[in-house]
Every structure is written in C-alpha cells, then in structure tokens.
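Each chain, letter by letter, is given below.
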Amino acid sequence: MVDGALSTVLGQPPVEDLAALELEMAELINVEREARGIRALRELTAVARAYSRRMATAGNANHELDRPVEERIRDVLPNSCLFGENVSKHTNIDDSIGDMMASVGHRENLLDKRFEALGVGIARGKDGFLYFTLEFARLCEAR
C-alpha cells in the first residue's frame, strides 16, 4: 500500500491532503490581508505543523502544550522579535478561519501589518477533528 492508501484505511487523510489544506488556509489568510492592503505573509510551516501534531496527539487545542511560541519560532528564525499564535480545533478550514475572524485577538494576529512570516500547520486527531496552528512572526535586525 502507498502512504495515502494506508492513511485512508486508518481513517486519516493522506499527508499530501493535509499539506494541501495548509496551503489553502495560508492562501485564504493572505487573501484577507491583501483585501485590506496588508502584505502577504511568508512561510513558517514547520513550526506550526509540529505544534498541530502535538495538539492532535494530546486531543487538546491550546497554547500551553509545549515551549512558548517565541522559543519554537526562534529555533528556525533566530532574528524574530515579534510573535503571534492562533490555535483551533474544527472539522474544516472555513469554520476555523470564520471563528478566528470573529475573535478579536485571533483577528488581530491574522491582520497585523507587522507580521512578515506565517506558518500553517494542520493535523488530524484520533477524535476526527483537525487541529490548526497559525504561527506569526516579524523578522528584525540580527542581534
């Protein structure tokens, strides 16, 4: 069996389907930003993907399962100086983004003009839900 077929048998979408969802979500966020005259964000997916997997394994969508977001992002972008994180648990992208846009704090992260990098991570938990992590960062002068 190929990886995709095995994943389907186990009740999880193939890895490439989750990667496509991550890309789609990043594109939808950039559409929201560009519609407001805010520049699109660059990619910071590895950090977000790892955290989504952690949440899916725990069956818990929150910010406190691991090290602080600042540490996780600085591991891959050492010259980062501003950080944000949105997490959610939903069955689809539209509901996740809709809830984030309706929440003041989450919306502020999505539309913050200061952020330059975005990571979208999505993992499916054993409970069938999708766990979403959005990581935001601004790159600053080297220290």
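Up top is the structure these notes are about.
These lines cover the structure that appears in this document, whether it is placed above or below. (Residues numbered from 1 in each chain as written. Predicted model: local features only at pLDDT ≥ 70, side-chain atom pairs only at ≥ 80, totals over all residues. Heavy atoms only, no water.)

Side note on the sheet that holds strand β4 (residues 130-139)
Here comes step 1: A sheet is described by the order of its strands in space; here 4 strands give the open sequence β1-β3-β4-β2, paired in mixed fashion. For this open sheet the edge positions go to β1 (42-43) and β2 (80-90), each flanked by a neighbour on one side alone.
Here comes step 2: Across 2 bridges, the pairing between β1 and strand β3 (residues 117-124) is parallel. When the sheet's bridge partners are listed, arginine 42 is paired in β3 with alanine 117.
Here comes step 3: Packing against the sheet, helix α3 (residues 45-58) makes contact with β1, β2, β3 and β4, and its axis sits at approximately 30° to β3.
Here comes step 4: Set on the sheet, helix α6 (residues 104-111) makes contact with β2 and β4; between it and β2 the angle comes to about 125°. (Pairing = 2+ DSSP bridges. Helix = DSSP H or I, 4+ residues; strand = E, 2+ residues; numbered from the N terminus. Contact = heavy atoms within 4.5 Å. Axes fitted to C-alpha atoms, helices over the stretch in contact; angles between N-to-C directions.)

Some words on the state of the cysteines
Here comes step 1: Applying the stated criterion to the full structure yields 1 disulfide.
Here comes step 2: Shown here is the disulfide that connects cysteine 81 with cysteine 140, its sulfur atoms set 1.6 Å apart. Placement of the pair is cysteine 81 in strand β2 and cysteine 140 in the segment after β4, with a sequence separation of 59 residues.
Here comes step 3: Overall, the relative accessible area of 24% leaves cysteine 140 in the partly exposed class. (Disulfide = S-S within 2.5 Å. Buried < 20%, exposed > 50% of the residue type's maximum accessible area, 1.4 Å probe, protein only.)

Looking at the packing of aromatic side chains
Within a pair of aromatic rings, the relevant descriptors are the distance that separates the centres and the angle that separates the planes.
Here comes step 1: Going through the model one piece at a time under the given rule, you end up with 1 aromatic pair.
Here comes step 2: Taking NZ or CZ as reference, arginine 72 lies 3.9 Å from the ring centre of tyrosine 51, over its face. (Phe/Tyr/Trp six-rings, centres within 6.5 Å; stacked < 30°, edge-to-face > 60°. Lys NZ or Arg CZ within 6 Å of the ring centre and 35° of its normal.)

Considering the pairing of β2
Here comes step 1: Of all 11 residues that make up β2, 8 are buried, and the element is covered over most of its length.
Here comes step 2: Sheet topology note: the β2/β4 ladder contains 10 bridges and is antiparallel. Opposite serine 88, over in β4, you have phenylalanine 132 as the bridge partner.

Comments concerning the nonpolar core
Taken as a class, soluble globular proteins show a tendency for nonpolar side chains to be buried jointly.
Here comes step 1: By size, the foremost hydrophobic cluster in this structure holds 20 residues, and its most contacted members are Met25, Ile29, Leu110, Leu118, Val120 and Leu134.
Here comes step 2: Breaking this core down by element, the ones donating at least two residues are α2 (15-35), α5 (93-102), α6, β3 and β4.
Here comes step 3: Ignoring sequence-local partners within four residues, the contact set of methionine 25 consists of Ile93, Ser96, Ile97, Met100, Val120, Ile122, Phe132 and Leu134.
Here comes step 4: Leu44, Val47, Phe83 and Ala117 belong to the second largest nonpolar core, which has 8 residues in total. (Core = buried A, V, L, I, M, F, W, Y, C linked by side-chain atoms within 4.5 Å.)

As for a negative patch on the surface
Here comes step 1: A cluster of acidic side chains, namely Glu24, Glu27, Asp94, Asp95 and Asp99, defines a negative patch on the protein surface.
Here comes step 2: Broken down by secondary-structure element, the contributors of at least two residues to the negative patch are α2 and α5.
Here comes step 3: Looking at which element gives the most residues to the negative patch, the answer is α5, with 3 residues.
Here comes step 4: On the secondary structure map, glutamate 27 appears in helix α2. (Patch = residues over 30% accessible without salt bridge, like charges linked within 9 Å, V, L, I, M, F, W, Y side chains within 5 Å. Areas by Shrake-Rupley, 256 points an atom, 1.4 Å probe, with all protein chains shown as cover. Salt bridge = Lys/Arg side-chain N within 4 Å of Asp/Glu carboxyl O. Lys, Arg positive; Asp, Glu negative; His and termini not counted. Charge placed at Lys NZ, Arg CZ, Asp CG, Glu CD.)

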